[in-house]
Amino acid sequence: MLEPLRQGLPPLDPAAVSDAASCALPARYEAVREARRFTRRTLDQWDMGDRFDDVCLVVSELVTNALRHGLPANSACVSGREPPVRLHLMRWTERLVCAVRDPSHDSPVARETDDFSAESGRGLFLVDSFSDSWGWHPLAGALDGKVVWALFRLPRAGSLPNGE
């Protein structure tokens, strides 16, 4: 099931973008809490607080993976430089995308494990389980590294979540 690695975002019409927000995150694990707060505020502003639990879990996993696997060992943030990890939230009419940028060129690797009591190693499994799709792509041009993204489908305006 965990096969979407190295896929670009599915086709999304840029003209249909409703909202976008992003925040820079420092190279420390407290950044995961900052990312959750940013996600809460953003989803509340977009009147999407009902999606917070699933989106926040995915954001937490993506940011944790970026901090754990996407940063060089000596990644202390140098004064005056942009923080190495950035969270982007983008909302289209029927889709929400969470994307996390980090400076690594290494592809995300989903671990195969049957030990569901382990305290780590299930991040991409959770991303796969709670989002509708996910993937990653390398950055080009002036930006270096990669973006790992997760997509959530949103109900159409006027339709109820259970399809009634």
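Predicted model only: the values in this text are computed from it and were never measured. (Residues numbered from 1 in each chain as written. Predicted model: local features only at pLDDT ≥ 70, side-chain atom pairs only at ≥ 80, totals over all residues. Heavy atoms only, no water.)

Draft legend 1. Representation of the overall build of the protein. Counting its secondary structure elements, the protein contains three helices and five strands. In the protein, the order of α-helices and β-strands from amino to carboxyl end is β-α-α-β-β-α-β-β. Carbon together with sulfur atoms contributes 48% to the accessible area of the protein, which is approximately 9600 Å² in total. (Helix = DSSP H or I, 4+ residues; strand = E, 2+ residues; numbered from the N terminus. Areas by Shrake-Rupley, 256 points an atom, 1.4 Å probe, with all protein chains shown as cover.)

Draft legend 2. How the structure looks around a positive patch on the surface. Together, Arg33, Arg36, Arg37 and Arg41 give the surface a local cluster of positive charge. Mapped onto the elements of the fold, Arg37 is located in helix α1 (residues 30–45). (Patch = residues over 30% accessible without salt bridge, like charges linked within 9 Å, V, L, I, M, F, W, Y side chains within 5 Å. Salt bridge = Lys/Arg side-chain N within 4 Å of Asp/Glu carboxyl O. Lys, Arg positive; Asp, Glu negative; His and termini not counted. Charge placed at Lys NZ, Arg CZ, Asp CG, Glu CD.)

Draft legend 3. Representation of the pairing of strand β2 (residues 85–92). Here β2 runs beside strand β3 (residues 95–102); their pairing, made up of six bridges, is antiparallel. The residue bridging Arg86 from the neighbouring strand is Arg101, located in β3. What sits between the antiparallel neighbours β2 and β3 is a turn of two residues. (Pairing = 2+ DSSP bridges.)

Draft legend 4. Just the pattern of salt bridges, in detail. The final tally for this structure, using the stated rule, is five salt bridges. Across the salt bridge formed by Arg28 and Glu30, the nearest N and O atoms sit 3.6 Å from each other. The class of Arg28 is partly exposed, set by a relative accessible area of 41%. Among the residues examined, Glu30 registers a relative accessible area of 38% and is labelled partly exposed. A cluster of three or more residues bridged by salt bridges with shared partners is formed by Arg28, Glu30 and Glu34. (Buried < 20%, exposed > 50% of the residue type's maximum accessible area, 1.4 Å probe, protein only.)

Draft legend 5. Local environment of the packing of aromatic side chains. Applying the stated criterion across every chain, the model contains zero aromatic pairs. Over the face of the ring belonging to Phe52 we find Arg40, whose NZ or CZ atom lies 3.7 Å from the ring centre. (Phe/Tyr/Trp six-rings, centres within 6.5 Å; stacked < 30°, edge-to-face > 60°. Lys NZ or Arg CZ within 6 Å of the ring centre and 35° of its normal.)

Draft legend 6. Molecular detail of the nonpolar core. Residues Leu25, Val59, Val63, Leu87 and Leu96 are the most contacted members of the largest nonpolar core, which totals 35 residues. Broken down by secondary-structure element, the contributors of at least two residues to this core are β1 (17–25), α1, α2 (52–69), β2, β3, α3 (123–130), β4 (133–138) and β5 (146–153). The element contributing the most residues to this core is α2, with nine residues. If we ignore the near neighbours within four places in the chain, the residues touching Val63 are Leu25, Ala31, Val32, Ala35 and Val100. Counting eight residues, the second-largest nonpolar core is a separate cluster that includes Met90, Val97, Val147 and Trp149. (Core = buried A, V, L, I, M, F, W, Y, C linked by side-chain atoms within 4.5 Å. Contact = heavy atoms within 4.5 Å.)

Draft legend 7. Expanded view of the state of the cysteines. Counted by the stated rule, this structure contains zero disulfides. No disulfide involves Cys56; its sulfur sits 9.6 Å from the nearest other cysteine sulfur, which is in Cys98. Taking the relative accessible area as the measure of exposure, Cys56 reaches 7% and is therefore buried. (Disulfide = S-S within 2.5 Å.)

Draft legend 8. How the structure looks around the packing of α1 against α2. Look at α1 against α2: their axes get within 9 Å of each other, and the N-to-C directions meet at 145°. The crossing of α1 and α2 is right-handed. Residues Ala31, Val32, Ala35, Arg36, Thr39, Arg40 and Leu43 of α1 form the contact with α2, whose participating residues are Phe52, Val55, Cys56, Val59, Ser60, Val63, Thr64 and Leu67. Here the residues of the contact of α1 with α2 are counted per class, giving ten nonpolar, three polar and two charged. (Axes fitted to C-alpha atoms, helices over the stretch in contact; angles between N-to-C directions. Left-handed = near helix turned anticlockwise from the far one by under 90°. Nonpolar A, V, L, I, M, F, W, Y, C, P; charged D, E, K, R; others polar.)

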